Amino acid sequence: MSEQGDSSLQQLMAGLAHELNTPLGAIRSNRDVLQRAISRLLDILADDVVDASEIEQIRGLVNTLDEVVEIDQVAVDVITDLVASARSLWQTDEAVKRSVDLRKVLDSTLLLLGHELKHRIEVVKEYGDLPTVECLPGQMNQVFMNLILNASQVIPEKGTITIRTRSSDGYAVVEISDSGPGIAPDDLERIFDVGFTTKQTKSGMGLGLGISKDIIERQGGRIEVESTPGEGATFRVLVPHAAESSAAR
Ligand code: ADP
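Residues numbered from 1 in each chain as written. Predicted model: local features only at pLDDT ≥ 70, side-chain atom pairs only at ≥ 80, totals over all residues. Heavy atoms only, no water.

Visitor: Tell me about the overall build of the chain, and please be specific about residues and values.
Guide: Looking only at helices and strands, the chain features seven helices and seven strands. Along the chain, helices and strands appear, N-terminal first, in the series α-α-β-α-β-β-α-β-β-α-α-β-β-α. The burial tally for the chain puts 41% of its 249 residues in the buried class. Partitioning the intrachain contacts of the chain with sequence separation of at least 6 by distance along the chain shows that 74% fall at a separation of at least 24. (Helix = DSSP H or I, 4+ residues; strand = E, 2+ residues; numbered from the N terminus. Buried < 20%, exposed > 50% of the residue type's maximum accessible area, 1.4 Å probe, protein only. Contact = heavy atoms within 4.5 Å.)

Below you can see the structure in the form of structure tokens.
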């Protein structure tokens, strides 16, 4: 990427800024949760006597604090991996790959997107057996984040996102289907192009799918998409099993 000069650097920076939005959004929304929880705790503790029902409330609030810590931890891991992968792209030396279970990566992505999805999107998990793959978990997190976020953004009000995993022909397969409006046949060929977007908002930069395709192809895999307009879309990520991907290098 570096030999392509300034425009590549701009693209890298724009991509990084785009990808940082989700973990930063999670941390920002957690800050509000923290402030509310702390002010309720202070209210309860303001008078010196704490009764049984208040102890229950305190337990609930401490559980909330515990969840906030867990989500912040995932968000910080994602930011750390993003910075490491941006650095490794720029310096072109390989970051260290790990053997990972993509179901665990999906779960941490979902944890991070919790505040975007709750109340509106039902997430159905149909996880089948999955062999481990060798990859940068933070980059896979980025891919799933892009796909799940896109699915949630195209669903107008309430809807469903179904996530399936299985093993097929030497590949670990992850499918993300949504109950959104689907994709017009003409657009299907262009959605992975950098800069293609149908979103009217500022966040629509047409980067997410291009970045995701690039990440997966660098691991010897591919992303497929199927859609019938009016019946939602399915994005399928195929990553070679650990043995195949090391043989391919
Ligand atoms: P952006 O999200 O900034 O538009 P992406 O590269 O992530 O960029 O997506 C490009 C375009 O692909 C979107 O604007 C949208 O038109 C289309 N798209 C992506 N995912 C879906 C989906 N699940 N359903 C319908 N259209 C989609």
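Visitor: Let's hear about the layout of surface pockets: which residues, and what values?
Guide: One number sums up the size of the largest pocket: a volume of about 830 Å³. Lining the largest pocket are 34 residues; nearest its centre among them are Leu149, Asn150, Gln153, Thr197 and Lys199. Looking at the lining of the largest pocket, the elements with two or more residues in it are helix 1 (6-46), helix 4 (137-154), strand 5 (171-178), helix 6 (208-218) and strand 7 (233-240). If you tally residues by element for the lining of the largest pocket, the top one is helix 4, at eight residues. The class makeup of the residues in the lining of the largest pocket is 15 nonpolar, 13 polar and six charged. (1 Å grid on protein atoms, 1.4 Å probe; cavity = no way out; pocket = protein on both sides within 12 Å on 5 of 7 lines; lining within 4 Å. Points joined across faces, edges and corners; volume = space filled by probe spheres on them. Nonpolar A, V, L, I, M, F, W, Y, C, P; charged D, E, K, R; others polar.)

Visitor: Describe the environment of Asp193, listing the residues and the values that go with them.
Guide: Mapping Asp193 onto the fold places it in the loop between helix 5 (185-188) and helix 6. Its relative accessible area of 39% is what places Asp193 among the partly exposed residues. Along the sequence, Asp193 and Gly206 sit 13 residues apart, while their C-alpha atoms lie 7.4 Å from each other.

Visitor: Can you tell me about the confidence of the model for the chain, naming the residues and giving the values?
Guide: A low pLDDT means the predicted coordinates there should not be read in detail. Residue-level pLDDT values for the chain average 85, and 86% of them are 70 or greater. Taken as a whole, residues 1-6 scores under 50 in pLDDT and shows five contacts with residues more than four places along the chain or in a different chain. Per-residue pLDDT stays below 50 along residues 245-249; that stretch engages in five contacts with residues further than four places along the chain or on separate chains. (pLDDT = per-residue confidence, 0-100.)

Visitor: Could you give an account of the site of the ligand, naming the residues involved and the relevant values?
Guide: In the region of the ligand, 19 residues are neighbours, and Thr197, Thr198, Lys199, Met205 and Gly206 sit closest. Here an oxygen atom of the ligand and a side-chain polar atom of Asn150 are 2.8 Å apart. Between an oxygen atom of the ligand and a side-chain N or O atom of Thr198, the distance comes to 2.4 Å. When atoms are counted within 2 Å of each cavity's grid points, the one that captures over half of the ligand is the largest pocket. Those elements giving two or more residues to the shell around the ligand turn out to be helix 4 and helix 6. The residue makeup of the shell around the ligand, split by class, is nine nonpolar, eight polar and two charged. (Near = heavy atom within 4 Å. Polar contact = N/O pair within 3.5 Å; in protein donor to acceptor, adjacent residues only side chain to side chain. Sits in = over half its atoms within 2 Å of the grid points.)

Visitor: So what's going on with the packing of aromatic side chains? Which residues, and what values?
Guide: Given two aromatic rings, their pairing is described by the distance between the two centres and the angle made by the two planes. A full pass over the atoms with the stated rule returns one aromatic pair. On the numbers, 6.4 Å between centres and 75° between planes, the contact of Phe192 with Phe235 is edge-to-face. You can see Phe192 sitting in the loop between helix 5 and helix 6 and its partner Phe235 sitting in strand 7, a full 43 residues away along the chain. (Phe/Tyr/Trp six-rings, centres within 6.5 Å; stacked < 30°, edge-to-face > 60°.)

Visitor: Tell me about the nonpolar core, and name the residues and values.
Guide: Ranked by size, the top nonpolar core spans 47 residues in total, and within it Leu102, Met140, Phe144, Ile148, Phe235 and Val237 carry the most contacts. If one sorts the elements of this core by residue count, helix 4 sits on top with eight residues. The residues touching Leu102, leaving out its near neighbours within four places in the chain, are Leu130, Val133, Met140, Phe144, Ala172, Val174 and Val239. (Core = buried A, V, L, I, M, F, W, Y, C linked by side-chain atoms within 4.5 Å.)

Visitor: Give me the packing of helix 3 (residues 102-117) against helix 4: which residues, what numbers.
Guide: Their axes nearest at 9 Å, the elements helix 3 and helix 4 cross at an angle of 45°. The angle between the axes of helix 3 and helix 4 places the two elements in the oblique class. For helix 3 against helix 4, the interelement crossing comes out right-handed. In this structure, helix 3 contributes Leu102, Val105, Leu106, Ser108, Thr109, Leu110, Leu112, Leu113, Glu116 and Leu117 to the contact, and helix 4 contributes Pro137, Met140, Asn141, Phe144, Met145, Ile148, Leu149 and Ser152. In terms of residue class, the contact of helix 3 with helix 4 is built from 13 nonpolar, four polar and one charged. (Axes fitted to C-alpha atoms, helices over the stretch in contact; angles between N-to-C directions. Parallel < 35°, antiparallel > 145°, perpendicular 65-115°, else oblique. Left-handed = near helix turned anticlockwise from the far one by under 90°.)

Visitor: Give a description of a nonpolar patch on the surface that names residues and reports values.
Guide: Nonpolar side chains collect at one region of the surface, where Leu45, Val50 and Ile55 lie side by side and expose about 230 Å² of accessible area between them. With respect to the helices and strands, Leu45 occurs in helix 1. (Patch = residues over 30% accessible without salt bridge, like charges linked within 9 Å, V, L, I, M, F, W, Y side chains within 5 Å. Areas by Shrake-Rupley, 256 points an atom, 1.4 Å probe, with all protein chains shown as cover. Salt bridge = Lys/Arg side-chain N within 4 Å of Asp/Glu carboxyl O.)

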